[in-house]
Amino acid sequence: MKHWTEGFDDDHADEPLVRPYTITGGRTTPERDDLTLITLVTVISEAPADNGPGLRRLQPEHRTILALCKQPLAVAEIASALNLPVSVTKILIGDLIEAGHVRSRPPLAFAQAGGLPGMSILEAVRDGLRKL
Amino acid sequence: MGFASSDPGVRAPLAVKILVAGGFGVGKTTLVGSVSEVAPLRTEEYLTHASIGVDDLEGVSGKSTTTVALDFGRITINSELVLYLFGTPGQERFWFMWNDLVNGAMGAVVLVDTRRLEVSFASIDFFESRGIPFVVGVNCFHGVRDRTQEEIRRALDLDPQVPLVLCDARDRAAGRDVLLALIDHLMAAHARAAAHPVS
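A brief report on the enclosed structure follows. These figures come from a predicted structure and were not determined experimentally.

## A few points about the overall build of chain A
- Looking only at helices and strands, one finds 5 helices and 3 strands in chain A.
- Seen in sequence order, chain A has helices and strands lined up from the N terminus as α-β-α-β-α-α-β-α.
- A burial count over chain A gives 39% of its 132 residues as buried.

Laid out in structure tokens, this is it:
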């Protein structure tokens, strides 16, 4: 039987756990629960040169997200680019939404549509895949 | 087409996703990579992030935590629609993550390796029990077709309606065809639902 860690990337095994939660100011759970792996995040305003009153001080990682999301990018893509766990990334994105720097677009909720995506979506995906 | 956000401040496309599941070593990341427009990306999540309080971190600097990795890819369908492909963690022990993964998925591809069909049983059980549409891709990357499709179907105890497609996960066209088989399967389910509304 294979050991459960087999096949998992352990390049970062020596990194301390502390660093990601330092970035979030010690917060370990996202305040928002509406961000999913494929929620698309887009910048709507430039970060202020100096942090305005009432805004949580922006970390370098916040600014990296702002730079990345000039084009819409999924939460999973942002986490991958930052090399941070998804939960930590969601906390940072939540800060930027709260501060009005980015907007998020949730994915289509199929649960509300009888569990199946609409035919027009399926046709668009099929046509797109055929061009691959 | 009208999938783009109606919010004038944001012209974000609509995101959809397909899961690529199956047991350890069946070629999930290979399939994602062969059809993705970018090299497969990797993201990580803490195993028990919600239970780790910051107070617990004192004195553990340098101590590693357990993370579970997800490989994923992206296909831009058009300016208004983007498809993400997520390889699921192969080990059952990480399936607590699947709620996050499964929510909003159009459907799934379960890859099987004919030499080790049993490593994909749990994935098939999972999608059947959740009522999530899926197709089975038989990864023939080793060039061995030692079982007929009927034998594979019987071994997997597959519902007759579930499509089974032979493929080579390394090949872009073959990977694409597995995804198209899933879309056709979803369209057929759509047509059946329209013909026989449940309620």
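## Details of the packing of helix H1 (residues 28–35) of chain B against helix H5 (residues 172–195) of chain B
Residues and elements named next belong to chain B.
- Two numbers describe how H1 lies on H5: the axes approach to 8 Å, and their chain directions differ by 100°. It follows that H1 is roughly perpendicular to H5 by the angle criterion. Contacts between H1 and H5 pair Leu31, Ser34 and Val35 from the former with Arg172, Gly175, Arg176 and Leu179 from the latter.
- Taken together, the residues of the contact of H1 with H5 sort by class into 3 nonpolar, 2 polar and 2 charged.

## Focus: the sheet that holds strand S1 (residues 40–43) of chain A
Residues and elements named next belong to chain A.
- Strand order in the open sheet formed by 3 strands is S2-S1-S3, with antiparallel pairing between adjacent strands. The open sheet is flanked by strand S2 (73–74) and strand S3 (102–105), the only strands paired with a single partner.
- Taken together, the 2 bridges between S1 and S2 define a ladder with antiparallel strand orientation. Its bridge partner lying in S2, leucine 40 is registered against alanine 74.

## Section: helix H5 (residues 119–130) of chain A
Residues and elements named next belong to chain A.
- Here H5 spans 16 Å end to end across 12 residues, near enough to the 16 Å set by a 1.5 Å rise per residue.
- Every buried residue belonging to H5 is among Ile121, Leu122, Ala124, Val125 and Leu129, and all of these are buried. Burial along H5 is one-sided: seen end-on, the buried residues are contained in an arc of 165°. Residues of H5 that are exposed and angled more than 90 degrees away from the buried face: Ser120 and Arg130.

## Here we look at the sheet that holds strand S2 (residues 41–46) of chain B
- Taken together, the 7 strands give an open sheet; going across it, the order is S2-S3-S4-S1-S5-S6-S7 (chain B), and neighbouring strands pair in mixed fashion. Both edges of this open sheet fall to S2 and strand S7 (164–167) of chain B, since each of them pairs with a single strand only. Pairwise comparison of adjacent strand axes, ignoring direction, gives a mean angle of 30° for this sheet.
- Two strands pair when backbone bridges link them, and strand S6 (residues 134–139) of chain B and S7(B) are joined in this way by 4 bridges, in the parallel orientation. When the sheet's bridge partners are listed, Gly137(B) is paired in S7(B) with Val165(B).
- Contacts from H5(A) reach strand S1 (14–21), strand S3 (67–78) and strand S4 (81–87) of chain B within the one sheet, and its direction differs from that of S3(B) by about 90°.
- Strands S1, strand S5 (105–112), S6 and S7 of chain B of the sheet are contacted by H5(B), whose axis makes an angle of about 170° with S7(B).

## Details of the packing of helix H2 (residues 60–68) of chain A against helix H4 (residues 86–98) of chain A
All names here are of chain A.
- Orientation of H2 relative to H4, taken along the N-to-C sense of each, is 75°, at an axis distance of 10 Å. Considering the angle they form, H2 stands roughly perpendicular to H4. Facing H2, whose interface residues are Glu61, His62, Ile65 and Leu66, H4 presents Leu92, Ile93, Asp95 and Leu96.
- Of the residues assigned to the contact of H2 with H4, the class counts are 5 nonpolar, 1 polar and 2 charged.

## A closer look at the pairing of S3(B)
Residue and element names in this part refer to chain B.
- Relative to S3, S2 is paired through 6 bridges, and the arrangement is antiparallel. Counterpart to glutamate 44 in the pairing with S3 is alanine 69.
- Where S3 meets S4, 6 bridges bridge the pair, whose relative direction is antiparallel. Bridging across to S4, arginine 74 finds its partner in tyrosine 84.

## Quick notes on the nonpolar core
- Of all hydrophobic cores here, the largest spans 72 residues; its most connected members are Val75(A), Val125(A), Ile18(B), Val109(B) and Val110(B).
- Beyond its immediate sequence surroundings of up to four residues, Val109(B) is in contact with Ile18(B), Val20(B), Phe134(B), Val135(B), Gly137(B), Val178(B), Leu179(B) and Leu182(B).

Parameters at a glance
Residues numbered from 1 in each chain as written. Chains lettered and ligands numbered in written order. Predicted model: local features only at pLDDT ≥ 70, side-chain atom pairs only at ≥ 80, totals over all residues. Helix = DSSP H or I, 4+ residues; strand = E, 2+ residues; numbered from the N terminus. Buried ≥ 20, exposed ≤ 12 C-beta atoms within 10 Å, placed from the backbone. Axes fitted to C-alpha atoms, helices over the stretch in contact; angles between N-to-C directions. Parallel < 35°, antiparallel > 145°, perpendicular 65-115°, else oblique. Contact = placed C-beta atoms within 7 Å. Nonpolar A, V, L, I, M, F, W, Y, C, P; charged D, E, K, R; others polar. Pairing = 2+ DSSP bridges. Expected span 1.5 Å × (residues − 1). Arc of directions from axis to C-beta. Core = buried A, V, L, I, M, F, W, Y, C linked by C-beta atoms within 7 Å.

All we've got here are geometric facts, nothing functional implied.
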